[in-house]
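So the chains spell out like this:
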Amino acid sequence: MADKINGSAAASPTLILSSRDDRNRILVQKCKLLAVSGPLKSREFIVNSDTFTIGSGRSNDLMLEDSTVSRRHCEIQLSPDGYGIRDLGSTNGTYVQGVRIKSAFLDEGTEFQLGSTRLVFCPMQEMMEYRLSKQEAFGRLLGRSVPMRRVFHIAERYAKTDSTIMIEGETGTGKEVLAEEIHRHSSRADKPFIVIDCASLAKDLVASELFGHGKGAFTGAITDRVGAFEHANGGTVFLDEIGDLSPELQPQLLRVLEKREVKRVGTNTVKKIDVRIISATNKKLQHEVNAGNFREDLYFRLSVIHIELPPLRKRKDDIAMLAEAFLKEFLGEDAPLEVANVSEAARAFRNHDWPGNVRELRNLVEIASHSEQQPIDLAAFLYLGRSRRPQSSEMSSRFTADRPFKIVKQELIQEFEMHYIADLLKRHDDNVSQAARQADIERAYLQRLIRKYGLRDSQAE
């Protein structure tokens, strides 16, 4: 099935990257930025890493002393498609060729401006390597696409270290799975892996969950409690949805990162801990830093190593591989032979934007695998997510009366609910309260649907 569904990769939109026969690396020209106006006029700055940040904060790769430039203003990022520039939620914007942008590709001679500084992007003759993994899997994570093999390369390189890792990515891309696999591939694999969901914890209990509390520390604290960091001693703490951590607790977490010690709520006793910290978020934390919602020093402590999991719409070469793996998971090794209309499924899958990412694909395959109609028509389970409405012939083939009415009706309802809720959450950046108001349904009911279809990495707010 995989060979039939796979399509050719899109051509690179820039001329920056130079591929070689060695599939484990891509050669890319180094580049420099030439300042043509502003306080740094006539100076040159070499971009020699995957991500190069520009802003007024001292921690940037290029610092601009300009009150109109945000602390984390923009970044130049190297991807399999070439060099691109991305605004980081700055107050006054980033302009490319005079147009304010959220993101844009950079090519030779491209000019961009932030504040009073104008910079020109200039490729150099010198080359550097963009390394990829030789493998098409990292534990339970699968992918043969360039973006995923880049993720695997970084994970393989740093899993065996104690480096603090930040994982960013949309809901459903597999952030918790990646964190678990990094732990499993580390020297701490036989020690605890403790998950803390910063989004779902009650604000008045977060400190107790993270750091523990002493008996009598607050009403209801009838015994001493060991917090997540103590419990994970020797292992790994995974801080999920770290972007939702309250501002009051951010200094305490920073102290843990700096000193590797905790103090239980209501006590004066300080305890040393030995933990590795991996965090994840579906927010752009650099935007939160600019907005003043997240401490810049904490951000840098958490993102010593930064991994960004690509959404499924940017790694469509992996869809066939994933679909086949999920089919085998639910139906056994011979499952791919039970799929009908493979070419139609290939077209439908590649044309779909997958707002729920890998989780949406897995849910679709799971629902399809329970269908009584054989062979399985995967494309039929995707029609609500396709850009065009199904033709009457398609509808007729989907809703034949050879199965009980209740079963066909339930499949349609489940399909509708999954796609509707995935799109609803995407439109509201996973804010459950806003999404419930927009849909005119109870928040608790929306939470149940989110859990039912696994449309968040963690329990919804």
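Note that the structure is predicted; figures quoted are calculated from it, not measured.

### A few points about the packing of aromatic side chains
Considering all chains together, one arrives at six aromatic pairs under this definition. Measuring from centroid to centroid gives 5.9 Å for Phe-211 and Phe-229, while their planes differ by 10°, and the two rings are stacked. On the criterion of sequence distance, the pair formed by Phe-211 in helix H4 (residues 206-211) and Phe-229 in helix H5 (residues 228-231) is long-range, its members being 18 residues apart. Overall, Phe-229 belongs to the buried group, its relative accessible area being 0%. Above the face of the Tyr-130 ring, Arg-150 is positioned so that its terminal group lies 4.4 Å from the ring centre.

### Considering the layout of surface pockets
In this approach, a probe sized like a water molecule rolls over the atoms, and the result shows the empty space that is left. The computed volume of the second largest pocket comes to approximately 530 Å³. For the second largest pocket, the lining is made up of 20 residues, of which Gly-174, Val-177, Phe-326, Val-358 and Arg-362 are closest to its centre. Among the residues making up the lining of the second largest pocket, the classes are represented as eight nonpolar, four polar and eight charged.

### What to know about the sheet that holds strand S5 (residues 62-63)
The strands making up a sheet are joined through hydrogen bonds of the backbone, oriented either antiparallel or parallel. Taken together, five strands build an open sheet; the order of strands is S5-S4-S6-S7-S10 and the sheet is mixed. Only two strands of the sheet have a single neighbouring strand rather than two, namely S5 and strand S10 (103-105). Here strand S4 (residues 51-55) pairs with strand S6 (residues 74-79) via four bridges, running antiparallel. Across the sheet, the residue bridging to Phe-52 is Ile-76, located in S6.

### Examining the packing of helix H9 (residues 319-331) against helix H11 (residues 357-369)
The description of two packed helices rests on the angle between their axes and on the distance between the axes. Running from N to C, H9 and H11 cross one another at 45°; their axes reach a closest spacing of 9 Å. In terms of their interaxial angle, H9 and H11 are classed as oblique. The handedness of the crossing between H9 and H11 is right-handed. In contact with Ile-319, Leu-322, Ala-323, Phe-326, Leu-327, Glu-329, Phe-330 and Leu-331 of H9, H11 contributes Val-358, Leu-361, Arg-362, Val-365, Glu-366 and Ser-369. For the contact of H9 with H11, the per-class residue count stands at ten nonpolar, one polar and three charged.

Rules of the game
- Residues numbered from 1 in each chain as written.
- Predicted model: local features only at pLDDT ≥ 70, side-chain atom pairs only at ≥ 80, totals over all residues.
- Heavy atoms only, no water.
- Phe/Tyr/Trp six-rings, centres within 6.5 Å; stacked < 30°, edge-to-face > 60°.
- Helix = DSSP H or I, 4+ residues; strand = E, 2+ residues; numbered from the N terminus.
- Buried < 20%, exposed > 50% of the residue type's maximum accessible area, 1.4 Å probe, protein only.
- Lys NZ or Arg CZ within 6 Å of the ring centre and 35° of its normal.
- 1 Å grid on protein atoms, 1.4 Å probe; cavity = no way out; pocket = protein on both sides within 12 Å on 5 of 7 lines; lining within 4 Å.
- Points joined across faces, edges and corners; volume = space filled by probe spheres on them.
- Nonpolar A, V, L, I, M, F, W, Y, C, P; charged D, E, K, R; others polar.
- Pairing = 2+ DSSP bridges.
- Axes fitted to C-alpha atoms, helices over the stretch in contact; angles between N-to-C directions.
- Parallel < 35°, antiparallel > 145°, perpendicular 65-115°, else oblique.
- Left-handed = near helix turned anticlockwise from the far one by under 90°.
- Contact = heavy atoms within 4.5 Å.

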